[in-house]
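Structural features, examined
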Amino acid sequence: MKVIPLITGVISKYLPIWIVALSLVAYAFPEAFTAIRGLTGVGLGTIFLLMGLSLSTDKLLQVIKHPKYACLGVLFKWTIMVAVSITIAYLFFRNEAEIATGIILAGTVPSGTSANIYTFIAGGEVAVSITMATMDTFISPLLTPALVQFFAGKLIPIAFWPLFLNIIYIVFLPLLAGLFIQRKWPKPVGKVRPYTAVLSQLSLFIVILSVISNAQKSLQENLTILPLIFIAVTLQVAIPMAAGYFVARLCKAPEETARAILFHTGICNTALAATLAMEHVSSLAAVPAVANMVVNLTIGATVASLFENKFKIPSR
C-alpha cells in the first residue's frame, strides 16, 4: 500500500507542474476531453464535499471561540482582493468587457482549496485557514453574485439569482453534505479522510481539463492578449498576498496566522470562477480565471516553499 502515499506525494509536491501540463494538454487536444466537459460542476461539488468530510470540528470550535484573526482574514479577502480585482479589470480591460468581467469574477469567489494546502506547507495555522475557507463558503452565495452584478453588471448584464443558485448547488450543498456525512458516519469517513486531499486534487484536474478544453477556441482566438492577461492576473494574485500578510502582521497577528491569511487573501477558487463564467457570461470570460488558476497555484507553491525552507518557524 506504499504506492498510494507515493502517488499522493508526487501529485501534491508537483501540483503547479501538473496544472500547467494538463492545461497544455487540454489546449492542444480539446476534442479528447469532450466526454468530461459537462463535469466541471460535479468536479467542484466533489471538492467541497471532500472539504466537508475533512474538516476537523474540534479545531474549528477552538478557532470559533477566538475568531478575531479568522474574521480579519475573511475581511481582507473580501476587501483587498475585491478592490485589487476591480481596479485591475477597469485599468487593463475597460474596453474588453468579457475579459474584465472574468477578472472581477476571479476575485469575488471564495478562497481556493489550495490555500489550505499551501498554509500547511508554509507552517501556517491550518485551523485558521480552514475556518476562513468555511466562512468564505457560507457567505459567498450572497457576496459573489452581488459583487459581480454591481461591478461587472455595468459591463455585461448579469442576473443575480441564477448565479446565486449555481453557487448554492456547487458550493453550499456539497459542503453541508460532507459535514452531515462526517457527523452521521464517522468511522467510514475516518478511513477516507487521509485521501481527501489527493481526491480533491484529482477532482481539480478534471475541472481543469474540462474548463480548458471548453475555452480552447476562445484562448486560441485571443492569443495576442494572453500575455497582458497573465500580467494582470499575476498582479491580482501577488498584491493581495503581500498586502494580506503585512497588514495581518501590523494587526499583531502571529506569524503562523499571518501566513494563513496571506494564502487566503491571494488565492481564490478560480476553477469555480471559470465554471461560473462559462455558464453565465462566455467562454472568453473564463480565460482570466484559467490564467489566474495557473498563476495562483504557481506563486502559492513558490511562496509556501520559501517559507518552508528559508523562513521556517522555530518549534516551541
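Throughout what follows, the structure given in this document is the object of discussion. Since this is a predicted model, take the numbers as computed values, not measurements.

Observations concerning unusual backbone geometry
Excluding glycine, a negative phi dihedral is what most residues carry, and trans is how most peptide bonds are arranged. Positive phi, close to 70°, is recorded for Lys252, a residue that is not glycine. Inspection of the secondary structure assignment puts Lys252 in the loop between helix H12 (226-250) and helix H13 (255-266).

Describing the environment of Leu105
You can see Leu105 is positioned in helix H6 (residues 97-106). With 151 residues separating them along the chain, Leu105 and Glu256 place their C-alpha atoms 29 Å apart. The residues contacting Leu105, other than those within four sequence positions of it, are Thr144, Val148, Ala273, Leu276 and Ala277.

A short note on a nonpolar patch on the surface
The grouping of Phe138, Ile139, Leu143, Leu165, Tyr169, Leu173 and Leu176 at the surface amounts to a nonpolar patch, some 570 Å² of accessible area in total. Tracing the backbone shows Leu176 in helix H9 (residues 160-184). What makes Leu176 partly exposed here is its relative accessible area of 34%.

Some points on the environment of Glu308
Residue position: Glu308 is located in helix H15 (residues 286-309). Distance from Glu308 to Gly45, taken between C-alpha atoms, is 31 Å for residues 263 residues apart in sequence.

Criteria and cut-off values
- Residues numbered from 1 in each chain as written.
- Predicted model: local features only at pLDDT ≥ 70, side-chain atom pairs only at ≥ 80, totals over all residues.
- Heavy atoms only, no water.
- Helix = DSSP H or I, 4+ residues; strand = E, 2+ residues; numbered from the N terminus.
- Contact = heavy atoms within 4.5 Å.
- Patch = residues over 30% accessible without salt bridge, like charges linked within 9 Å, V, L, I, M, F, W, Y side chains within 5 Å.
- Areas by Shrake-Rupley, 256 points an atom, 1.4 Å probe, with all protein chains shown as cover.
- Salt bridge = Lys/Arg side-chain N within 4 Å of Asp/Glu carboxyl O.
- Buried < 20%, exposed > 50% of the residue type's maximum accessible area, 1.4 Å probe, protein only.

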